[in-house]
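# A structural walkthrough
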Amino acid sequence: MKVCDLHSHSNCSDGTFAPRELVSLAKEIGLSALALTDHNTAKGLPEFMEAGKKLGVTTVPGCEFSTEYNGTELHIVGLFLSKDVWGEIEDFVELMHMAKRESNKRLISALNDAGYKLTYEEVANSTDADEFNRAHVARVLTAKGYTKSVNEAFGNLLKEKHGYYIPPKKLASLYTVKFIKAIGGTAVLAHPFLNMSYDELCEFLPKAKEAGLDAIETHYSKFTPQQTAQAEELAKRFGLKQSGGSDFHGDTKPDISLGTGLGNLAVPYEFYENLIP
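Remember, it's a predicted structure, so these values are computed and weren't measured experimentally.

## A look at the packing of helix 5 (residues 134-143) against helix 6 (residues 150-158)
Contact pair helix 5 / helix 6: the axes reach a minimum separation of 9 Å and the direction vectors enclose 105°. Considered as vectors, helix 5 and helix 6 are oriented roughly perpendicular to each other. Counting all contacts with helix 5, which are made through Arg134, Ala135, Val137, Ala138, Arg139, Leu141 and Thr142, the residues of helix 6 involved are Val150, Ala153, Phe154, Leu157 and Leu158. Looking at the contact of helix 5 with helix 6 residue by residue, the classes come out as nine nonpolar, one polar and two charged.

Written as structure tokens, this is what we have:
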């Protein structure tokens, strides 16, 4: 069976593989299509698409937008984002980037006050991404010996409940769906059960569909078989297409492999074909 992966990250956001390395790995493991969906940036797409041409891999230009709906963080993936709109994407997320920088400064300051000595500059210099996030902070904390792993850093320090991290204001979810459609892309709700219950999704999805949402991820690395079945039922119920992906980040999420997730993920190639605008 031909398979694809429509959700992955490079070191242009919080992954550890360069865009071209993702394409090379996709070719090595036999993926029939791969999407790069870095967080709130299109910066990795030129290298990614060029590598696809050179290596003969079907590459899908995408972006994962961090959004908010009624106080809940939701991630909306845009797929098939053509080269002529990559600049528009950067403009669209710039205000959010400014809010993120302020959030990062507050986080670093709060950690320093608590005795965790690190600077804004050293975290920024630890990545090729234009903007760093908590995953990068977690790596620096671990490298300095404050935590034993990235997971421990999140569990003990970097979640909002611990008081060091105050999340920045995010884009509105429905507005982001409309933006993706306006620039000719395919709009997908990423990993729906990570932040919403079944009942909450039943309330959100009709509004998102009206705004232009095309699909939801039904196949995802951390979904249980029951969640996959529920996601498939929701897609059918609300007339949405299906998408899926590993959410591969490289060493940031070492248990997640490209294409296969935790080992049992297989996203049908037909998902890719059905999502083409």
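## Observations concerning the nonpolar core
In a soluble, globular protein the nonpolar side chains are often hidden away together inside. Phe65, Ile89, Leu189, Leu205, Leu213 and Ile216 are the most contacted members of the largest nonpolar core, which totals 51 residues. If one sorts the elements of this core by residue count, helix 8 (residues 198-211) sits on top with six residues. Leaving out residues up to four positions away in the same chain, phenylalanine 65 has contacts with Asn40, Leu74, His75, Ile76, Gly78, Ile89, Phe92, Val93, Leu171, Thr176, Phe179 and Ile180. In terms of nonpolar packing, the next biggest core, distinct from the first, is built from 17 residues, Leu6, Ala190, Tyr269 and Phe271 among them.

## A few points about the environment of methionine 98
Mapping methionine 98 onto the fold places it in helix 3 (residues 86-113). What makes methionine 98 partly exposed here is its relative accessible area of 42%. Residues methionine 98 and leucine 158 lie 60 residues apart in sequence; the distance between their C-alpha atoms is 20 Å.

## Comments concerning the pairing of strand 3 (residues 59-69)
Within strand 3, ten of the eleven residues are buried, which leaves the element mostly enclosed by the surrounding structure. With three bridges connecting them, strand 2 (residues 33-36) and strand 3 associate as parallel partners. Across the sheet, leucine 34 pairs through a bridge with threonine 59, a residue of strand 3. The sheet contact formed by strand 3 and strand 4 (residues 72-79) spans eight bridges and is antiparallel. Counted as the bridge partner of glutamate 64 is valine 77 from strand 4. Hairpin connection, strand 3 to strand 4: the antiparallel pair is bridged by two residues, and asparagine 70 has positive phi, about 50°. Judged from the two bridges that link them, strand 3 and strand 5 (residues 171-172) form a sheet pairing that is parallel.

Reading the values: the criteria
- By convention here, each chain's residues receive numbers from 1 onward along its written sequence.
- Per-residue local features are limited, in this predicted model, to residues with pLDDT of at least 70; the limit for side-chain atom pairs, both in listing and counting, is 80 or more; totals at the level of whole chains, interfaces and linings are taken over all residues.
- Here the side-chain values reflect all heavy atoms present in the structure, with hydrogen atoms and water set aside.
- Interaxial angles span 0 to 180 degrees and are taken between N-to-C directions of axes, which are lines fitted to C-alpha atoms, for helices over the stretch in contact.
- Every helix listed is a DSSP run of H or I at least four residues long, and every strand listed is a run of E at least two residues long, numbered separately from the N terminus.
- By definition in this entry, angles of less than 35 degrees are roughly parallel, angles greater than 145 are roughly antiparallel, angles of 65 to 115 are roughly perpendicular, and the rest are oblique.
- We call two residues contacting when some pair of their heavy atoms lies within 4.5 Å.
- In this classification, the charged set is Asp, Glu, Lys and Arg, the nonpolar set is Ala, Val, Leu, Ile, Met, Phe, Trp, Tyr, Cys and Pro, and all remaining amino acids, among them Gly, are polar.
- Definition of nonpolar core: a set of buried residues of the types Ala, Val, Leu, Ile, Met, Phe, Trp, Tyr and Cys, connected through side-chain atoms within 4.5 Å.
- Three labels apply to residues, based on accessible area from a 1.4 Å probe with only protein chains included: buried if under 20% of the type maximum, exposed if over 50%, partly exposed otherwise in between.
- Only strands joined by at least two bridges in the DSSP assignment are considered to pair.

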